[in-house]
Structure formats: structure tokens, C-alpha cells
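Listed below are the residues making up each chain.
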Amino acid sequence: MLQLEQIYKVFYEGTPDEKIALNQLYLHMKPGDFVTVIGSNGAGKSTLMNIISGNIFPDYGTVNINGTNMTAMSEHKRARKIGRVFQNPLAGTAPTMTIEENLALAYNRTKPRTLQFGVTKKRRDFFREQLEILHLGLENRLQAKVGLLSGGERQALSLLMATFTKPDILLLDEHTAALDPARADLITKLTKEIVEKFQLTTLMVTHNMQQALDLGNRLIMMDKGQIIFQANETEKPNLTVEKLLAEFQRIRGEALLSDRSLLA
Amino acid sequence: MNVAESRCSHSPLTIGPQEEIYMFTALFGSVEVGVIYAIMALGVYLSFRILDFPDLTVDGSFVTGGATAAVLIISGVNPFLATIAALAAGFLAGCVTGILHTKGKINPLLSGILMMIALYSINLRIMDKPNVPLLSEETVITKIASWWQGIGFDSMMQSLFTSIGLGDYIPSTWGIFIVMFIIAFAIKKMVDLFLKTEIGLSLRAVGDNDGMVRSFSANTDWLKVLGLGISNALVAFSGALVAQYNGFSDVGMGIGMIIIGLASVIIGEAVIGNATIVRATLAVLVGAILYRLIVTLALRADFLETGDMKLITAVIVIFALVVPKLIDKQKAGARKKKRAAQLDSAKLNGGDQVAAARTDL
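No experiment lies behind these values; they were computed from the predicted model shown.

1. Observations concerning the overall build of chain A
Part 1 of the reasoning: Scanning chain A from N- to C-terminus turns up nine helices and ten strands.
Part 2 of the reasoning: Over its C-alpha trace chain A gives a radius of gyration of 19 Å, about what one expects of a compact globule, namely 18 Å for 264 residues.
Part 3 of the reasoning: Within chain A, counting contacts between residues at least 6 apart in sequence, those at least 24 apart form 66% of the total.
Part 4 of the reasoning: For chain A, the accessible area works out to roughly 11,700 Å², and carbon and sulfur atoms hold 51% of it.
Part 5 of the reasoning: The distance from the centre of the 32 positive side-chain charges to the centre of the 29 negative ones in chain A is 7 Å.

2. Thoughts on the pairing of strand 8 (residues 201-205) of chain A
Residues and elements named next belong to chain A.
Part 1 of the reasoning: Taken across its five residues, strand 8 has five buried, putting it largely inside the fold.
Part 2 of the reasoning: Pairing analysis gives five bridges linking strand 7 (residues 169-173) to strand 8, with the strands arranged parallel. What sits directly across from Ile 169, in strand 8, is Thr 201.
Part 3 of the reasoning: Each parallel crossover has a hand, and the one from strand 7 via helix 6 (residues 181-198) to strand 8 is right-handed.

3. With respect to unusual backbone geometry
All names here are of chain A.
Part 1 of the reasoning: The phi angle at Tyr 12 is positive, at roughly 50 degrees, despite the residue not being glycine.
Part 2 of the reasoning: You can see Tyr 12 is positioned in the loop between strand 1 (2-11) and strand 2 (19-29).
Part 3 of the reasoning: Classification of Tyr 12 as exposed rests on a relative accessible area of 58%.

4. Digging into the nonpolar core
Part 1 of the reasoning: Formed by 118 residues in total, the largest nonpolar core has its most connected members in Ile 99, Leu 103 and Leu 131 of chain A together with Met 40 of chain B.
Part 2 of the reasoning: For this core, the leading source of residues is helix 2 (residues 17-50) of chain B, giving 15 residues.
Part 3 of the reasoning: Residues within four places of Ile 99 of chain A in sequence aside, it is in contact with Leu 131, Leu 138, Arg 141, Leu 142, Ala 144, Val 146, Leu 149 and Leu 157 of chain A.
Part 4 of the reasoning: Residues Leu 25, Ile 65, Ile 82 and Leu 171 of chain A belong to the second largest nonpolar core, which totals 25 residues.

5. Section: the sheet that holds strand 3 (residues 34-39) of chain A
Residue and element names in this part refer to chain A.
Part 1 of the reasoning: Read across the open sheet, the six strands follow the order 6-7-8-3-9-10; overall the sheet is mixed. Because the sheet does not close on itself, it has two edges, and the strands there are strand 6 (82-85) and strand 10 (226-231). Recorded for the sheet is a direction-independent mean angle of 20 degrees between the axes of neighbouring strands.

6. Concerning the pattern of salt bridges
Part 1 of the reasoning: All told, the structure shown has 20 salt bridges over all chains when counted by the stated rule.
Part 2 of the reasoning: Between Glu 101 of chain A and Arg 204 of chain B there is a salt bridge; the shortest N-O distance is 3.0 Å. Residue Glu 101 of chain A is found in helix 3 (residues 99-107), and its partner Arg 204 of chain B is found in helix 9 (residues 198-208); the two belong to separate chains.
Part 3 of the reasoning: Via salt bridges that share partners, Glu 75 and Arg 84 of chain A together with Asp 210, Arg 214 and Lys 224 of chain B belong to a single interconnected network.

7. Observations concerning the interface of chain B and chain A
Part 1 of the reasoning: Taken residue by residue, the interface counts 21 residues in chain B and 34 residues in chain A.
Part 2 of the reasoning: Between chain B and chain A the total buried area reaches about 2,300 Å² when both faces are included, carbon and sulfur atoms providing 58% of it.
Part 3 of the reasoning: Broken down residue by residue, the surface that chain B buries against chain A is led by Glu 198, Phe 216 and Ser 217 of chain B, which jointly contribute 31%.
Part 4 of the reasoning: Summed over the shared surface of chain B and chain A, the number is three salt bridges.

8. Some remarks on the sheet that holds strand 4 (residues 60-65) of chain A
Hydrogen bonds along the backbone pair up the strands of a sheet, which may run parallel or antiparallel.
Residues and elements named next belong to chain A.
Part 1 of the reasoning: Strand order in the open sheet made by the four strands is 2-1-4-5, with antiparallel pairing throughout. The two strands at the open ends of the sheet, each matched to only one other strand, are strand 2 and strand 5 (68-69).
Part 2 of the reasoning: Bridge analysis of strand 1 against strand 4 gives five bridges, and the strand direction is antiparallel. Across the sheet, Glu 5 pairs through a bridge with Thr 62, a residue of strand 4.

9. Describing helix 5 (residues 151-163) of chain A
Part 1 of the reasoning: Given a rise of 1.5 Å per residue, 13 residues ought to cover 18 Å, and the 18 Å separating the end C-alpha atoms of helix 5 of chain A matches this to within 8%.
Part 2 of the reasoning: Along helix 5 of chain A, twelve of the 13 residues are buried, which leaves the element largely enclosed by surrounding structure.
Part 3 of the reasoning: Among all positions in helix 5 of chain A, only Gly 152, Glu 153, Arg 154, Gln 155, Ala 156, Leu 157, Ser 158, Leu 159, Leu 160, Met 161, Ala 162 and Thr 163 of chain A are buried.
Part 4 of the reasoning: Where helix 5 of chain A is buried, its residues touch strand 6, helix 3, helix 4 (121-131), strand 7 and helix 6 of chain A together with helix 10 (210-215) of chain B.

10. What to know about the environment of Ala 82 of chain B
Residue and element names in this part refer to chain B.
Part 1 of the reasoning: Examined against the element boundaries, Ala 82 turns out to sit in helix 4 (residues 79-102).
Part 2 of the reasoning: Assessed through its relative accessible area of 0%, Ala 82 is described here as buried.
Part 3 of the reasoning: Distance in space between the C-alpha atoms of Ala 82 and Leu 119 is 19 Å, their sequence separation being 37 residues.

11. A word on the packing of helix 9 of chain B against helix 11 (residues 220-246) of chain B
All names here are of chain B.
Part 1 of the reasoning: At a minimum axis distance of 10 Å, the contact between helix 9 and helix 11 shows a crossing angle of 100 degrees. On the basis of their axis angle, the class for helix 9 and helix 11 is roughly perpendicular. On the side of helix 9, the interface is formed by Ile 199, Ser 202, Leu 203 and Val 206, while helix 11 contributes Thr 220, Leu 223, Lys 224, Leu 226 and Gly 227.
Part 2 of the reasoning: Taken together, the residues of the contact of helix 9 with helix 11 break down into five nonpolar, three polar and one charged.

12. A look at the packing of aromatic side chains
Part 1 of the reasoning: What the rule picks out here adds up to twelve aromatic pairs over all chains.
Part 2 of the reasoning: Taking 6.2 Å as the distance between ring centres and 70 degrees as the angle between the ring planes, the aromatic pair formed by Phe 127 of chain A and Phe 164 of chain A counts as edge-to-face. Of the two residues, Phe 127 of chain A is situated in helix 4 and Phe 164 of chain A in the loop between helix 5 and strand 7; the sequence distance between them amounts to 37 residues. Per residue, the accessibility class of Phe 127 of chain A equals that of Phe 164 of chain A, and both read buried.
Part 3 of the reasoning: Aromatic ring contacts, followed pair by pair, group Phe 28, Trp 174, Phe 177, Phe 181 and Phe 185 of chain B into a single cluster.
Part 4 of the reasoning: Over the ring of Tyr 107 of chain A we find Lys 111 of chain A; its NZ or CZ atom is 4.5 Å from the centre of that ring.
Part 5 of the reasoning: Over the aromatic face of Tyr 37 of chain B sits the side chain of Arg 292 of chain B, whose NZ or CZ is 4.0 Å from the ring centroid.

13. Regarding the side chain of Asn 232 of chain B
Residues and elements named next belong to chain B.
Part 1 of the reasoning: In this structure, Asn 232 sits in helix 11.
Part 2 of the reasoning: A polar contact is formed between the side chain of Asn 232 and the side chain of Asp 55, at a distance of 3.0 Å.
Part 3 of the reasoning: Dropping the residues within four chain positions of it, Asn 232 is found in contact with Asp 55, Thr 57, Val 58, Ser 61, Gly 90, Phe 91 and Gly 94.

14. Observations regarding a nonpolar patch on the surface
All names here are of chain B.
Part 1 of the reasoning: A contiguous nonpolar patch, built from Leu 109, Leu 110, Ile 113, Leu 114 and Ile 117 and spanning about 420 Å² of accessible area, is present on the exposed surface.
Part 2 of the reasoning: Here Ile 113 is to be found in helix 5 (residues 108-127).
Part 3 of the reasoning: According to the relative accessible area criterion, Ile 113 is partly exposed, its value standing at 32%.

15. Some words on the packing of helix 4 of chain B against helix 5 of chain B
When two helices pack together, their arrangement is given by the angle between the helix axes and by the axis-to-axis distance.
Residues and elements named next belong to chain B.
Part 1 of the reasoning: Two numbers describe how helix 4 lies on helix 5: the axes approach to 9 Å, and their chain directions differ by 140 degrees. Classed by the angle they form, the pair helix 4 and helix 5 counts as oblique. Considering how the two elements wind past one another, helix 4 and helix 5 form a crossing that is right-handed. Only Pro 108, Ser 111, Gly 112, Met 115 and Leu 119 of helix 5 make contact with helix 4, whose side of the interface consists of Ala 93, Val 96, Thr 97, Leu 100 and His 101.
Part 2 of the reasoning: For the contact of helix 4 with helix 5, the class distribution of residues is six nonpolar, four polar and no charged.

About the cut-offs
Residues numbered from 1 in each chain as written. Chains lettered and ligands numbered in written order. Predicted model: local features only at pLDDT ≥ 70, side-chain atom pairs only at ≥ 80, totals over all residues. Heavy atoms only, no water. Helix = DSSP H or I, 4+ residues; strand = E, 2+ residues; numbered from the N terminus. Rg over C-alpha atoms; globule rule 2.2 N^0.38 Å. Contact = heavy atoms within 4.5 Å. Areas by Shrake-Rupley, 256 points an atom, 1.4 Å probe, with all protein chains shown as cover. Lys, Arg positive; Asp, Glu negative; His and termini not counted. Charge placed at Lys NZ, Arg CZ, Asp CG, Glu CD. Buried < 20%, exposed > 50% of the residue type's maximum accessible area, 1.4 Å probe, protein only. Pairing = 2+ DSSP bridges. Right-handed = clockwise from strand over helix to strand, strands pointing away. Core = buried A, V, L, I, M, F, W, Y, C linked by side-chain atoms within 4.5 Å. Axes fitted to C-alpha atoms, helices over the stretch in contact; angles between N-to-C directions. Salt bridge = Lys/Arg side-chain N within 4 Å of Asp/Glu carboxyl O. Buried area = accessible area lost by both parts, 1.4 Å probe. Expected span 1.5 Å × (residues − 1). Parallel < 35°, antiparallel > 145°, perpendicular 65-115°, else oblique. Nonpolar A, V, L, I, M, F, W, Y, C, P; charged D, E, K, R; others polar. Phe/Tyr/Trp six-rings, centres within 6.5 Å; stacked < 30°, edge-to-face > 60°. Lys NZ or Arg CZ within 6 Å of the ring centre and 35° of its normal. Polar contact = N/O pair within 3.5 Å; in protein donor to acceptor, adjacent residues only side chain to side chain. Patch = residues over 30% accessible without salt bridge, like charges linked within 9 Å, V, L, I, M, F, W, Y side chains within 5 Å. Left-handed = near helix turned anticlockwise from the far one by under 90°.

What follows is the structure in C-alpha cells.
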């Protein structure tokens, strides 16, 4: 479903700040794979996400999604195949528009926009049905402005908006990091349910090792722009946070910086 | 303004009836003009509020509209067609600003200013001279007026009001006002409907959350170009009508137009609010008319001259921006005082009362 071949990306090339963000990275995902990505700050996780979504382009290497080479395709064009949820709950929705208008906007992700009305009676029923998945009562507040929702509600809505049109790839960029523990648990639970329901191929970045272990069927650990450790379907269920930390230490010969904070 | 107000209505004993009649005519005239400028204000609303793009192209594209229509009318083109051509010219001007911003990566304010300056010369080229008179030409306005005359509505109103003794106070013709009001209202309605379509929704989201729209596969560059095009098309359309209404197109008639547009948007929002799109566009219409009324009343003051109009506009906008905030602040201050008083008394009466006082909040 997703193939990254020898992705290389360097920032500030030729200056003293030169930084190789991704160093010849390979990643293959089968349909239905749910890969969690962990790694310390600066490991290249966000660059990886941005290269897949087309926010930035690699200096070398190719990005294939569902058999199409998308390396040079612009962000909005490849967004037809990609659903995204951002870290900031405010980033995934339009605050001055209503819940149903936001959903209508997301509904058009896979097809060209026309002069038809965005919200029709038929679509409204469909949106209501989809919102019920969240169990937040948002289905009764279709006309409410999204700016009035709490951070947790907005993130749940963002998650639904990114997924209900069944993208080929779902990218989750630390999408629970800005929420309080209770809301983060809720979003984690919803993520699990929705990914299973729609059978989505998912790539999730997280700083929370426990979350990385709880979700998904594969796990990768990144450091200095490379994947330094992988756990496949059969290995992942046996992993623990302690094992992961020990693995990192073995490979890099150093303790993960502030590793205890990652246990949270 | 106070002087003007007291003159026109509050102390009728001090002025003659003739002056009062003159005042009514002037006020009606300002409403009439306000309706035409409301179309321009709707354009400014689209760029300023919907796209969150302070587009100074407006000062130039307003004249482009007037110039295009005037030159075409003089060369014998049907005035209605000429006005539509003005709309298209404005659309193009707006698109260029949009391309400067999205493809040239120029700051929004600067791309508008650049286009405004460029249009000044382009407008001179279109007109070939600084001023094109239309007084002896057949225009949209004269066509509407003569068509209206045939209906007989004016004479009916005249006899109606004369019978109740107010015959002197009504305008000699309602035609321009009514037709322009219908046009402005129809455009408002079209803007309302457009902003509910799939394209319209993504346009609104661009001003709200640019990155999010791109993640839902909308081409934000193209949407901005389209939005600025539509905005400036409305501005140029209004410019074409104003030129025909005034009987001339002048290269300087667009100066400060963006501020007049903003004044209309802001006054309207202060009075009507902007909770929904339907309401916000209505607010723009009302704001444009109110703005004209305020300026007309202000110009009645003895110490103000026509040349002070831009200054008056600036002051109106400053007031409309500052006063609502001051009122809010004062209300918040009053609430705070009330709460402090409540909590103070609760403290005196002992701890038991605190919870009771809280429920009042």
C-alpha cells in the first residue's frame, strides 16, 4: 500500500546547521498494516510524515502509494489518498464553520468540488450516522460551530473527518499528545475502533511508548533519520516498554534521553 | 454630526420647511448610493472576512469597473453589456492579485498594493484621459429611470403621500433605489448560496484554516485566486454602476474605497452581527447604507467640507472598531464589580454564604 524507497532529506544543506533528517529510509506497508513510530525528538518522525503527505519533498528516493508514484505530486492532489490528523486539535477543523460544514468539506476529499450544496439532506443523515461512532453526542449538534467544541471533541471530529472517506493511508501525527490523559485515552480508543471498522492502513507517530505498544500490528523505532528497530506482527505482542528501551540502548550504546518521560 | 442631527429632526422649529425637505432628499440620495456601494462592500467582505485577505486591489479595481463600462458605453456598446464587461475586468484584476500572492509568494497586503498601483496606470490607459463624462450617454441608470417612468409607480406614491400631506418629503423617483436594492439583494443571496456550495465551503475554510483545507485535497492557491477574482468582480461591478450613477468615470474615484468597504462591513457587524453567513452579508448591506447616512449627516456640519469625507470615513471606522470593545470592557468591569460586592458580603457573613453567592454567578 505504501512504499518508501531510499528516502533522503537534508535541511539547511551547506550551512553549519546542516541536518540529515532522513537517511536512506525504507518502509513498506501492506494493506491493513497499522504501524506505530517512536523515537526521540529530531529522529525524523515528523519529516517522515511530511514527506508522505507531500508537505515537503525528499531530496532522493520515491514515495509510492497504492501502486502510484507520488514523489513529486503536490500536497492537495495526493490528499485524495491520504487522511491526516495533526497534533494540534485546532489544526484539523475550521472553527467558524459548523460541524456539518466541516464534515462536508472532508466528504469532498476524494472527489472534485462542484457548485452543488455541500450539505444536503442525504449527506446530513450520513454525517449524523458517522458522528454516532464517536459517542460524544455531536450528532445532535450538527449546526454548532466547531470553534465552540472542546479540544477533545475537536480532535475526535478531526479523526472522523480524516477517516470516514476511507483513505488509502491514514497518518496520525502525535494526535493525542496535546490532550489531557482522559481525552487522550478516548481518542486512542476511537482510533483503534475506527481503524478496525474501516480497515485502514495507518502510520502513527507517538511519544508515548505504551500507546505505541497498545495500538497497531507493527512498530518501528527511529533515530537520526533511520529506522533502527522494527517489530513485526509476531514480535510486537511480546514487546514491553523495558524491552524497547533496552533495545535502543543495545543498538545505540547509549541511554534514551529522558527515557522515563517517554513511559508516561 | 450632532449639529446635523439637531438640525434635521430634533429641533424643527429652528429651520425652515424647505431645508427639511432638502435634508430628506439628501438622506434618500445617500441610501440610494449606499445600496450601489453595498455591492462593493460585499466584495470587500469576501476578501477581508471570508478569505482573511486584506485586499487593497479594491481601490484600483473599482475604477477599472467604472472605466471599462464608461469607455464601452461611449463607444456605443449596450450599457448592460458594458457593465457585465466591467465585472469581468474586475475578476481578472483580482485573479492577478491572487496569482501574485500564491504563485509569486508575495505578502497579501503587498500584492494588493502592487496591483492597486499597477491598475492606476491601466485605468488611465483604458480611459485615455483622467475623466470620462457620461452625461449625454444612455446608461444603465437612465435606462432604468425611463423604464420605471412607464410603470407609473412614482406618480402613485406621489398622490398617496400628498393625500396624507407628506407629498414634499418623498423622492421624485423610486426607480433607481428599488432596482439597485433588488440587484444588491440578489447578489447578497447569490453570495449566501455560493458560500454553501462545495467550492464555497472550501473557500470559507481557506480563510479559517489553510493547512486543513489542503489536507482535504483542495487547491488553496486556486481557491484564493478564485475568491479574490469574485471579490474584485463585485467591486468593479459596483464601480461601473457608480460611474453611471454619477455621470462620469474618474481615475481618482477609487481612492479609499477599501476603507469604505471595511467601514460598511464593520458598521454592519456592530449593528447586525455576523453569527451566520446570511446574517453577515445582510450586515454588509445595512452597513453600507448606514455608512452613507452617517457621512451625509456629518457633512451637514458647518465646519466640515466635502474634502473631509475621507477623514470622516477614517474616524467612523476607528469608532466602529473601538467603541464595541470599550462597551464590552465596561460591561465586564461592571460584572466584576458586582461579583466583588457579592463575594465581599459573603465573606462578612461567614463561610456558609460563599456557596450560595457562587450559584448566582
